[in-house]
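Report on the structure
Listed below are the residues making up each chain.
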Amino acid sequence: MNATAVAAPAAATVARQGGIELSVVVPFFNPGPVVRRTVEQLVACLTEAGVAFEVIAVSDGSTDGSAALLAGMANVTVLDNPVNQGKGAALHQGFAAANGAWIGFIDADGDIDPQHLVDYLLIAREGNHAVVYADKRHAGSVSGASRARKVISVSYSTLVTTMFGLAVRDTQTGCKIIRRDVLAEVLPRLRERRFAFDLELFVATKAAGITDVKGAPVRLETRVAGSTVTTKSIIRTVRDTFTIYGRRRANHYATYALAA
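Residues numbered from 1 in each chain as written. Predicted model: local features only at pLDDT ≥ 70, side-chain atom pairs only at ≥ 80, totals over all residues. Heavy atoms only, no water.

What about the overall build of the protein chain?
Check the secondary structure of the protein chain and you find seven helices and nine strands. Counting only residues that meet the buried cut, the protein chain has 51% of its 260 residues in that class. Within the protein chain, contacts between residues at least 6 apart in sequence are counted, and of these 83% link residues at least 24 apart. Carbon together with sulfur atoms contributes 54% to the accessible area of the protein chain, which is approximately 11300 Å² in total. (Helix = DSSP H or I, 4+ residues; strand = E, 2+ residues; numbered from the N terminus. Buried < 20%, exposed > 50% of the residue type's maximum accessible area, 1.4 Å probe, protein only. Contact = heavy atoms within 4.5 Å. Areas by Shrake-Rupley, 256 points an atom, 1.4 Å probe, with all protein chains shown as cover.)

Following this line, the structure appears as structure tokens:
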């Protein structure tokens, strides 16, 4: 299926939509065969946990045939876009198609075990948290990332803390679960189409007065697929970070707030 529209899901309370408790969006760009393994593992662990789920896999203009590898998988919808627009754009599109009471996303590159989404859903259920996010700085986390990647991550986290004062230690690790009503509230204000989407999500959430965000342990393996984080993407993310800062100063995010 080819689809390019980007829209927010309609506002909803935390009730299953069409019997689905968890929708998982998997954005990907030229990951190769690992995308099939990631989605198979995701489907298997959610099925074993007895979760009513759907997977929405969004190819962000992949040219390596990876979208075709997901054809025919049960409970998996594939959105195959002809043009690369960025991770954030793919997430926007997947969110628009999601039906779950909780909506999550995970990187397709093989460095995060999909079992984490089951663990995060249990945490979200128990506390009815607005957001549960992978926090690689959590005491229980383990990272197999390279030294250079760790330095980049710490440097960016320090920049974000200095600029935004978020009570979030790790905005960028690609595994999160969001309560449906929270996502419906903040998504219309999100503009980022690439890697800064994750940061903007937390900035908009804080501006809306939503503070119940929960960091959870994550185990990061060495990536199976090649990383899409290049020098160019790092520079662009930093630039986009300052754009988000400008929007916040202009009160772009402050007009949306959940009712108490």
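Some details on the sheet that holds strand E1 (residues 22-28)
Think of a sheet as strands paired side by side through backbone hydrogen bonds, with each pair either parallel or antiparallel. Strand order in the open sheet formed by seven strands is E3-E2-E1-E4-E7-E5-E8, and the pairing between neighbours is mixed. With partners counted over all chains shown, the strands left at the sheet margins are strand E3 (76-81) and strand E8 (213-216), one partner each. Shown here is a sheet whose adjacent strand axes are inclined to one another by a mean of 15 degrees, direction ignored. In this structure, strand E2 (residues 53-60) lies alongside E3, joined through six bridges in parallel fashion. Paired with Ile56 across the strands is Thr77, a residue of E3. (Pairing = 2+ DSSP bridges. Axes fitted to C-alpha atoms, helices over the stretch in contact; angles between N-to-C directions.)

Quick word on the confidence of the model for the protein chain
Residue-level pLDDT values for the protein chain average 89, and 88% of them are 70 or greater. Every residue in residues 1-15 scores below 50 in pLDDT, and together they form 40 contacts with partners more than four places removed in sequence or on other chains. (pLDDT = per-residue confidence, 0-100.)

Focus: the side chain of Ser59
Topologically, Ser59 is positioned in strand E2. Once residues lying within four places of it in the same chain are set aside, the contact partners of Ser59 are Phe28, Ala67, Leu79, Asp80 and Asn81.

Observations regarding the packing of helix H4 (residues 147-164) against helix H7 (residues 231-249)
As a packed pair, H4 and H7 sit with axes 11 Å apart at the nearest point and diverge in direction by 10 degrees. With respect to H7, the element H4 is oriented roughly parallel. Across the interface between the two elements, Ile152, Tyr156, Leu159, Met163 and Phe164 of H4 pack against Ile234, Thr237, Val238, Thr241, Phe242, Ile244, Tyr245 and Arg248 of H7. Here the contact of H4 with H7 is composed, by residue class, of 10 nonpolar, two polar and one charged. (Parallel < 35°, antiparallel > 145°, perpendicular 65-115°, else oblique. Nonpolar A, V, L, I, M, F, W, Y, C, P; charged D, E, K, R; others polar.)

Things to note about the pattern of salt bridges
Under the criterion given, the structure shown has 13 salt bridges. Between Arg247 and Glu200 there is a salt bridge, with its nearest N and O atoms 3.0 Å apart. Taken together, the positions of Arg247 in helix H7 and Glu200 in helix H6 (residues 197-207) put the pair 47 residues apart, joining distant regions of the chain. In terms of burial, Arg247 and Glu200 fall into one category: buried. Residues joined by salt bridges that share partners form a network here, namely Lys87, Asp107, Lys176 and Asp198. (Salt bridge = Lys/Arg side-chain N within 4 Å of Asp/Glu carboxyl O.)

So, the pairing of strand E5 (residues 131-134)
Going residue by residue along E5, you find Val131 and Tyr133 tucked away on one face and Val132 and Ala134 tucked away on the opposite face as well. Inspection of the sheet shows E5 paired to strand E7 (residues 175-179) by three bridges, in the antiparallel sense. When the sheet's bridge partners are listed, Val132 is paired in E7 with Ile177. Taken together, the four bridges between E5 and E8 define a ladder with parallel strand orientation.

Thoughts on the packing of aromatic side chains
In the structure shown here, the tally under the stated rule is four aromatic pairs. A ring pair is formed by Phe95 and Phe105, whose centres lie 6.1 Å apart and whose planes are at 55 degrees; its orientation type is tilted. With a gap of 10 residues between them, Phe95 in helix H2 (residues 87-97) and Phe105 in strand E4 (residues 102-106) connect regions that are remote in the sequence. In this pair, the class of Phe95 matches that of Phe105, namely buried. Taken together, a centroid distance of 6.0 Å and an interplanar angle of 45 degrees make the contact between Phe95 and Phe197 tilted. Of the two residues, Phe95 is situated in helix H2 and Phe197 in helix H6; the sequence distance between them amounts to 102 residues. By relative accessible area, which is 0% here, Phe197 ends up buried. Pairwise contacts between aromatic rings join Phe95, Phe105 and Phe197 into one cluster. (Phe/Tyr/Trp six-rings, centres within 6.5 Å; stacked < 30°, edge-to-face > 60°.)

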